[in-house]
Structure formats: structure tokens, C-alpha cells
Amino acid sequence: TILLLLLAVLKYSQVGVCCGFLLNQHYNPAFVSLQMMKHAWDNYKRYAWGLNELKPISKQGHSSNLFGNIQGATIVDALDTLYIMEMKEEFKEAKEWVEKSLDFSVNADVSVFEVNIRFVGGLLSAYYLSGEEVFRKKAVELGEKLLPAFNTPTGIPWALLNIKSGIGRNWPWASGGSSILAEFGTLHLEFVHLSHLSGNPVFAEKVMNIRKVLNRLDKPEGLYPNYLNPSSGQWGQHHVSIGGLGDSFYEYLLKAWLMSDKTDEDAKKMYYDAVQAIETHLIRKSSGGLTYIAEWKGGLLEHKMGHLTCFAGGMFALGADGAPSDKTGHHIELGAEIARTCHESYDRTRMKLGPEAFRFDGGVEAIATRQNEKYYILRPEVIETYMYMWRLTHDPKYREWGWEAVEALEKHCRVDGGYSGIRDVYINHENHDDVQQSFFLSETLKYLYLLFSEDDLLPFEHWVFNTEAHPLPLGHMIWF
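Given the structure is predicted, the values throughout are model-derived calculations rather than measurements.

Draft legend 1. Quick peek at the overall build of the protein chain. What the protein chain contains, in helices and strands, is 17 helices and 20 strands. Its C-alpha atoms give the protein chain a radius of gyration of 21 Å, within 12% of the compact-globule value 23 Å for 480 residues. Dimensions along the principal axes, computed over C-alpha positions, put the protein chain at roughly 65 × 55 × 45 Å. Across the 480 residues that make up the protein chain, the buried fraction comes to 62%. Across the protein chain, the fraction of contacts at a sequence separation of at least 24, relative to all contacts at a separation of at least 6, is 66%. Carbon and sulfur atoms provide 49% of the accessible area of the protein chain, an area that totals close to 17,800 Å². In the protein chain, 46 positive and 60 negative side-chain charges are present, and the distance between their average locations comes to 3 Å.

This is the structure in C-alpha cells:
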């Protein structure tokens, strides 16, 4: 109730208002983001401390099988957000839990991808920000436990790994036993840092080998299919997506180049070649003028765009500076067009929150038409793109759009016990899914805070964000 009143004050006060935001440093939108983080964290601590996630309606813990029996996902995922927001007591409590209770000796399958981006990424970021040795030690320990996932004929890692036995396997639904592009392609940043912090080159060698395998393969129309068999080294089904199953592979090509102080020419070439193929074969414009990224299935386009795909607006803009000189402005504009489309996907719902996927067919534009695509699980990708577009253009509409998201989150997702996802964003009443995702604290709230903060907080000249929004330093900051 207090935060809703504050929102009203922020919107309607006549004292120092710009774009609906109070300029007073004590009551600015970044402060509201911090208060949202405090509400999410305090309730996690009250009802689910030490467990992976919170069920804010039931007021109890929630565990996902993605992490096996590893616990504390929200704590590790939120460490850097707590630090950045100067929530010092909360950061201290989280650090003490990591020291005493974070245990990787589990006899269960874990998602190598999810454990890497959330746990390894979170620990690395916490170390680089705070200098606390416990985070470095835990990150390296966990990295070592993930290495058996690479024990395949090609070195393309398994999706799932039993940490105790070292036995890996792939998702049973993934095209003929394939590994997934967005999973094995989203290890590079963290593993390069693990080699730096441990002095052991094996981590970097494992991810560089993935590059070698990919570079040997023919790409259909220059595109990377979502599935690759780790035994044969051949593509599975020729499905291509810049959303789920593909997304962060492309992000990590660009960020690997940036993280290397722009010396990793292989990553640079792979990224810009991929963007050219994406533009040619996947990017389309609707009759209403909205630019979107379709999915490609064996040469046929499905005119659907996922919420996950909305990260690409920020990616295109971030990569604009490295594009050929005649394409820099084009990449910024492409980012702006994707941001606009994703904003429309929010604006065309009753709750002003975006669906999991939206379509451009049958006379429909930027609207979910299937019931199983109408949910919102506190995802960050649209706000992530707003943050990048604000930092790179300073167009005030991106802060305005971010504020609209804050108002919608407060109105529809905030509950007494935290924040919950919504099962259908097109109806008038909230049907909550009763999960406060760890990435809400790691990504959504962090990107909101950065959107409304000064550019010198985690400046792009010194940091890149992993795909879970964990900041990692660029090469000149550490060792290259």
C-alpha cells in the first residue's frame, strides 16, 4: 500500500516532475526499484530462506528441478543486486549463508546452463564487486564440478549433469538427443573468467572448443539451428530461434568480443555474420509497421516472437558500435524498432505486461492468440532492452516505458508475500502463478534500477552482463 501511494505521488506530484518522475533524489524511480527489491527480498527471507525460490501466495519455498538439490538460487542470484543497491545488511546476510550453507555435493541432475548463469555467474559477479574471497572459491569449486558435462565425443556439453556421479545426458525432448544452442553457447563468459580466477586454462579451453566445432559446420542460410548432437557433431532439426533455445548464444558472441577488449576477432565475425543472416531470413515488418523476429523451421517462417526474443533490441544496439561504419546507425535503429514492438506487446494487454509469446498472423499483431502463451512470469527481457536503449540513446521514452512496467508490476504482480507471475495478462483479474522467480531479483529489478540510475553505475566501458544480468569486468579491468 505504501509503495502504491508512492507511485501515485511520483506520477502526480507537481514538485520537480519530468516524464512522470520526481527528480528529488529520495523519491526517484531508482528508489522505487530499490523498495521493490526490498519487498521481494524480505519476503523471500521470511518465508523461503535458504530454498531456491519463493511462493509468495502460499508463503513458502519453491524448488525447481533445474538446480537438482542445490539450494539458495535466489540468494546467489540476488547477491550483486543487493550490492549494487547498497543493501549492505542484506548482502552481509547473504554472504554468510553462502559461506556456511551453499553446498554443491548433491546427487541429482542439474541444468548445466541454469547453474552456470545463475550460480557461477552470480558468484563471479559478487566476487568482482565485493572482493570477498568466498565467492571466488565457490565459483571455481562449482565450475570444476561442471567440467564432466564436456565429456562427450565432440566436447559439446550435455544439458544435464549429475554432479556426484559426473554422468551427463540431454533433455529427452530435444531433437534426437541433441544439446541446445542457447545452453552450450552460454558458458563462454563465465568459463573464461573461471580460468582467470583459478589459473586453470581448462575452463577456457572447453568453451573455445565449442567454437571450433561450430566453425567446422555448415550453417543453413548462415543460420545456427537450435539443436546439435554432441556425439555426431551434426545439427539436429533445422529450427532457428533468436528466442528460447537460441537467444543467449548470439548475445555471448557479442559479449565475448567486448569482454576481450575487442580482440576476439572470431567472436566478432561470428556475431556480425549471424546478425546479417538474421536480418535476411528472420526479421520482418508487419502490415502495421512493427518490426519483429520470426522463427525459422526448415525454411518456413513461423510469425511468432517470444518475450525472450525481446532481449535482442538491446543486443543490436550494444553491438552497433562494432558494426561496419555504414551499419552503426542501422543497428541502433533496429534495436529501437524491436524495443517498440516489445512495448506494443505490453501495451496491447489488459495488464500492460507482456505475454510469453505474441504473433503476427491472421490479422493479429503483437498479441498472444494461444492460451498457453498468455502468461507473464516476471521476465526481464523487455526492461533489459529499455535499459540498453536508454543508455545508448538517452531517448526519454525508454524511461517512460520502464515506468509503465513498474506501475503494472506493482498493480498486478505485487502481493503481500512478494511478487508473483500472472497466468493471463489479457483478463481483468489477476490469476497468480505463485512463483517469485530468482531472475526477478537478479535481472528485472536490477535492469529497472540501472534504467533509472546514472550511466556511471556499471558503465558499459568496464562491464558486460551475463545473460542473468550478472556484471563481469571487461579484459582491461583484470588481465588481458
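So much for the structure itself; the text now carries on.
Draft legend 2. Examining the UniProt feature "active site" (unreviewed entry) in the protein chain more closely. As recorded in UniProt, the feature "active site" (unreviewed entry) lies at E114, D247, E356 and E381. Leave out the neighbours within four places in its chain, and D247 touches A182, S241, I242, L308 and F311. Positionally, E381 belongs in helix α14 (residues 381-393).

Draft legend 3. Representation of helix α16 (residues 438-451). Between its first and last C-alpha, α16 extends 20 Å over 14 residues, near the 20 Å set by a 1.5 Å rise per residue. The largest bend in α16 comes to about 25 degrees, at L445.

Draft legend 4. Spotlight on the sheet that holds strand β7 (residues 168-169). Strand order in the open sheet made by the 3 strands is β5-β6-β7, with antiparallel pairing throughout. At either end of the open sheet lies a strand with only one pairing partner, and these are β5 (109-111) and β7. The sheet contact formed by β5 and strand β6 (residues 160-162) spans 3 bridges and is antiparallel. Note that in β6 the partner of S111 across the bridge is L160. Running at roughly 60 degrees to β5, helix α5 (residues 112-130) makes contact with β5 and β6 of the sheet.

Draft legend 5. Summary view of the sheet that holds strand β14 (residues 300-302). Taken in spatial order, the 3 strands of this open sheet run β10-β13-β14, and their pairing is antiparallel. Looking along the sheet, the strands with just one partner apiece sit at the ends: β10 (239-240) and β14.

Draft legend 6. Looking closely at the pattern of salt bridges. Following the criterion strictly, the structure yields 26 salt bridges and no others. Among the ionic pairs, R118 bridges to E468, the shortest N-O distance being 3.8 Å. On the criterion of sequence distance, the pair formed by R118 in helix α5 and E468 in the loop between β19 (463-465) and β20 (471-473) is long-range, its members being 350 residues apart. The exposure class of R118 is buried, given its relative accessible area of 5%. Salt-bridge contacts for R136 lead to E133; the nearest nitrogen and oxygen are separated by 2.6 Å. Of this pair, R136 and E133 both sit in helix α6 (residues 133-146), 3 residues apart, roughly one helical turn. Several salt bridges share partner residues, and in doing so they unite E53, E114, R118 and E468 into one network.

Draft legend 7. Representation of the packing of aromatic side chains in the model. Within the structure shown, the criterion is met by 25 aromatic pairs. Here Y83 and F91 contribute two aromatic rings whose centre-to-centre distance is 5.2 Å and whose plane-to-plane angle is 65 degrees, an arrangement assigned as edge-to-face. A relative accessible area of 34% places Y83 in the partly exposed class. With a centroid separation of 5.5 Å and 85 degrees between ring planes, the pair formed by Y398 and W401 is classed as edge-to-face. With Y398 and W401 both in helix α15 (residues 397-413) and 3 residues apart, this pair spans about one turn of that helix. When its relative accessible area of 2% is taken as the criterion, Y398 is described as buried. Lying over the aromatic face of F104, K138 brings its terminal NZ or CZ to 5.8 Å of the ring centre. A cation over a ring is seen here: R391 above F460, with NZ or CZ 5.1 Å from the ring centre.

Draft legend 8. Layout of the environment of L123. Along the chain, L123 turns up in helix α5. It is 8.9 Å that separates the C-alpha atoms of L123 and K137, two residues lying 14 residues apart in sequence. For L123, the contacting residues outside a window of four places in its chain are V76, L79, V98, L102, F104, F135, K138 and A139.

Draft legend 9. Spotlight on the packing of helix α8 (residues 188-198) against helix α10 (residues 247-259). Packing of α8 against α10 leaves a shortest axis separation of 9 Å and a crossing angle of 30 degrees. Two secondary-structure elements touch here, α8 through H188, L189, E190, V192 and H193 and α10 through Y252, K255, A256 and M259. Grouping the amino acids of the contact of α8 with α10 by side-chain chemistry returns 5 nonpolar, 2 polar and 2 charged.

Draft legend 10. The arrangement of the environment of L181 in detail. In this structure, L181 sits in helix α7 (residues 181-184). The contact partners of L181, leaving out residues within four places of it in the chain, are Y224, P225, N226, L245, G246, F249 and Y250.

Draft legend 11. Region of interest: the packing of helix α4 (residues 88-101) against α6. Where α4 contacts α6, the two axes come as close as 10 Å, and the packing angle between them is 45 degrees. Between α4 and α6, the interaxial angle falls into the category oblique. Judged by the twist between their axes, the crossing of α4 over α6 is left-handed. On the side of α4, the interface is formed by F91, K95, V98 and E99, while α6 contributes V134, F135 and K138.

Draft legend 12. Structural view of the side chain of E190. Mapped onto the elements, E190 comes out in helix α8. The buried charged residue E190 lacks any salt bridge, with K255 as its nearest oppositely charged partner at 9.2 Å. A polar contact of 3.1 Å, which involves the side chain of E190, links it to the side chain of N116. The contact partners of E190, leaving out residues within four places of it in the chain, are N116, I117, V120, G121, L124, Y252 and N466.

Cut-offs used in this document
- Residues numbered from 1 in each chain as written.
- Predicted model: local features only at pLDDT ≥ 70, side-chain atom pairs only at ≥ 80, totals over all residues.
- Heavy atoms only, no water.
- Helix = DSSP H or I, 4+ residues; strand = E, 2+ residues; numbered from the N terminus.
- Rg over C-alpha atoms; globule rule 2.2 N^0.38 Å.
- Buried < 20%, exposed > 50% of the residue type's maximum accessible area, 1.4 Å probe, protein only.
- Contact = heavy atoms within 4.5 Å.
- Areas by Shrake-Rupley, 256 points an atom, 1.4 Å probe, with all protein chains shown as cover.
- Lys, Arg positive; Asp, Glu negative; His and termini not counted.
- Charge placed at Lys NZ, Arg CZ, Asp CG, Glu CD.
- UniProt positions renumbered as here; feature names shortened; annotations may be inferred.
- Expected span 1.5 Å × (residues − 1).
- Bend = angle between axes of the 7 residues up to and from the residue.
- Pairing = 2+ DSSP bridges.
- Axes fitted to C-alpha atoms, helices over the stretch in contact; angles between N-to-C directions.
- Salt bridge = Lys/Arg side-chain N within 4 Å of Asp/Glu carboxyl O.
- Phe/Tyr/Trp six-rings, centres within 6.5 Å; stacked < 30°, edge-to-face > 60°.
- Lys NZ or Arg CZ within 6 Å of the ring centre and 35° of its normal.
- Nonpolar A, V, L, I, M, F, W, Y, C, P; charged D, E, K, R; others polar.
- Parallel < 35°, antiparallel > 145°, perpendicular 65-115°, else oblique.
- Left-handed = near helix turned anticlockwise from the far one by under 90°.
- Polar contact = N/O pair within 3.5 Å; in protein donor to acceptor, adjacent residues only side chain to side chain.

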